[in-house]
Amino acid sequence: MLRLISRALAFCRRKDSSQKEKMQPLRLLEGDTKLKTVQGVVTRFCDGYGLINELIYFTNDVVTGNVLLKVGQKVTAVVEEDETSHGSKAIKVDALSDKCDDNGSSDSGPRVLFGCVTSILEGDGFVNHTAYFSLDVVCKGFEPYEGDWIVAEFSIQPDTWSRKAISVKPLRHKHVYEVCITSLCGRNGVIDDNIFFTLDSLKLPDGYVPQISDIVNAVVVERAHSTYIWRALSMTLVKRLS
């Protein structure tokens, strides 16, 4: 008798847990402020798994309409951030037509784009070779450099269908403390063998010239590079060892 009661209670617990799991996506969509909608391009796709803009992970089961995606496909995704890995995962992916939605109309409202700065020239730049931005819309304290990962809010220009950014900020940044300059070559250098910097875009205190073995504090941003995935925005001297 006690065994039957125990099994019944265990079944009820599993059923309650299952109902909570089914309700969780609904609560996320309704109340989780960390969710955001972004537009991007499928950059990798294989065996039901893919990446959007090389940053956002997704699986084929979250793609709406049973659409078979391919590399180069433009998509809109509902994205959540993993608090442990600080990575991004899509919980819904919609394939986009080139210019119009199913009703034949365009959406000229602001959208969000994750991408890489592909060029900077005379105060203007491009993200992923396609979205134009002016340095006037870049967030305070951030000077973009080729290869930086950024988040851009942009609008579609209805007359030309071109994309123009209305705000630009780094995708990820962090502070590093008491790290060592390990190499210098011309105007470029490396901190702790993994953080790139260039004097062309580095903010320094007046009178300070970086030297090898200097111990520094720095603010760094993430960048697209096989070896140096961070770039220093600013640097201050802590102490000089030589």
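Residues numbered from 1 in each chain as written. Predicted model: local features only at pLDDT ≥ 70, side-chain atom pairs only at ≥ 80, totals over all residues. Heavy atoms only, no water.

A. View of the pattern of salt bridges. Counted according to the given criterion, the structure contains four salt bridges. Between Arg-231 and Asp-148 there is a salt bridge, with its nearest N and O atoms 2.7 Å apart. Taken as a pair, Arg-231 in strand S15 (residues 230-239) and Asp-148 in the loop between strand S8 (131-134) and strand S9 (149-156) lie far apart in primary sequence, 83 residues in all. With respect to burial, Arg-231 and Asp-148 carry one shared label: buried. A salt bridge links Asp-214 to Arg-240; the nearest nitrogen and oxygen atoms lie 2.8 Å apart. In this pair, Asp-214 sits in the loop between strand S13 (195-198) and strand S14 (215-222) while Arg-240 sits in the segment after S15, placing the two residues 26 residues apart along the sequence. (Salt bridge = Lys/Arg side-chain N within 4 Å of Asp/Glu carboxyl O. Helix = DSSP H or I, 4+ residues; strand = E, 2+ residues; numbered from the N terminus. Buried < 20%, exposed > 50% of the residue type's maximum accessible area, 1.4 Å probe, protein only.)

B. Expanded view of the side chain of Gln-73. With respect to the helices and strands, Gln-73 occurs in the loop between strand S3 (56-59) and strand S4 (74-81). Engagement of the side chain of Gln-73 in a polar contact is seen with the backbone oxygen of Leu-96, the distance being 2.9 Å. The residues touching Gln-73, leaving out its near neighbours within four places in the chain, are Gly-40, Val-41, Val-42, Ala-95 and Leu-96. (Polar contact = N/O pair within 3.5 Å; in protein donor to acceptor, adjacent residues only side chain to side chain. Contact = heavy atoms within 4.5 Å.)

C. Representation of the environment of Thr-37. With respect to the secondary-structure elements, Thr-37 resides in strand S1 (residues 36-46). Here the alpha-carbon distance between Thr-37 and Ala-90, two residues 53 residues apart in the chain, equals 9.3 Å. Setting aside residues no more than four positions away along its own chain, Thr-37 makes contact with Thr-76, Ala-77, Val-78 and Val-112.

D. Local environment of the sheet that holds strand S12 (residues 188-191). The strand order around the closed barrel built from five strands is S11-S12-S13-S15-S14, with neighbouring strands paired in mixed fashion. The sheet shows a mean angle of 50° between the axes of neighbouring strands, taken without regard to direction. The sheet contact formed by S14 and S15 spans eight bridges and is antiparallel. Looking at the pairing, Val-216 lines up with Leu-237 of S15. (Pairing = 2+ DSSP bridges. Axes fitted to C-alpha atoms, helices over the stretch in contact; angles between N-to-C directions.)

E. Broad picture of the confidence of the model for the protein chain. In this model, the protein chain carries an average pLDDT of 78, and 75% of its residues clear a pLDDT of 70 or more. Within the model, the stretch residues 1-33 combines pLDDT values under 50 with six contacts to residues more than four positions away or in other chains. Every residue in residues 99-108 scores below 50 in pLDDT, and together they form seven contacts with partners more than four places removed in sequence or on other chains. (pLDDT = per-residue confidence, 0-100.)

F. Representation of unusual backbone geometry. Of note in this structure, Asp-192 is not a glycine but carries a positive phi near 55°. Here Asp-192 is to be found in the loop between S12 and S13. For Asp-192, a relative accessible area of 36% puts it in the partly exposed group. The phi dihedral of Asp-193 is positive, around 65°, even though this residue is not glycine. Mapping Asp-193 onto the fold places it in the loop between S12 and S13. Judged by its relative accessible area of 56%, Asp-193 is exposed.

G. Here's a closer look at the environment of Val-117. By the element assignment, Val-117 lies in strand S6 (residues 111-121). In this structure Val-117 comes out as buried when scored by relative accessible area, which is 2%. Placed 16 residues apart in sequence, Val-117 and Phe-133 show a C-alpha to C-alpha distance of 9.9 Å. Contact partners of Val-117, with chain neighbours within four places excluded, come to Phe-126, Phe-133, Pro-144, Tyr-145, Glu-146, Gly-147, Asp-148 and Ile-150.

H. Structural detail: the nonpolar core. With 19 residues, the main nonpolar core has Ile-52, Ile-56, Phe-58, Leu-69, Ala-77, Val-93 and Phe-114 as its most contacted residues. Only S1, S3, S4, strand S5 (88-95), S6 and S9 provide two or more residues apiece to this core. Looking at this core, the element that brings in the most residues is S4, giving three residues. Not counting the four nearest positions on each side in its chain, Ile-56 is found in contact with Val-38, Gly-50, Leu-51, Val-79, Ser-88, Lys-89, Ala-90 and Phe-114. (Core = buried A, V, L, I, M, F, W, Y, C linked by side-chain atoms within 4.5 Å.)

I. Seen up close, the packing of aromatic side chains. Per the stated rule, a full pass over the model turns up four aromatic pairs. With 5.8 Å between their ring centres and 15° between their planes, Phe-45 and Phe-58 make a pair best called stacked. Taken together, the residues span a long stretch of sequence, with Phe-45 in strand S1 and Phe-58 in strand S3 at a distance of 13 residues. Overall, the relative accessible area of 22% leaves Phe-45 in the partly exposed class. An angle of 20° between the planes, with centres 6.3 Å apart, marks the rings of Tyr-49 and Tyr-57 as stacked. Since its relative accessible area comes to 48%, Tyr-49 is described here as partly exposed. Over the aromatic face of Trp-230 sits the side chain of Lys-174, whose NZ or CZ is 4.3 Å from the ring centroid. (Phe/Tyr/Trp six-rings, centres within 6.5 Å; stacked < 30°, edge-to-face > 60°. Lys NZ or Arg CZ within 6 Å of the ring centre and 35° of its normal.)

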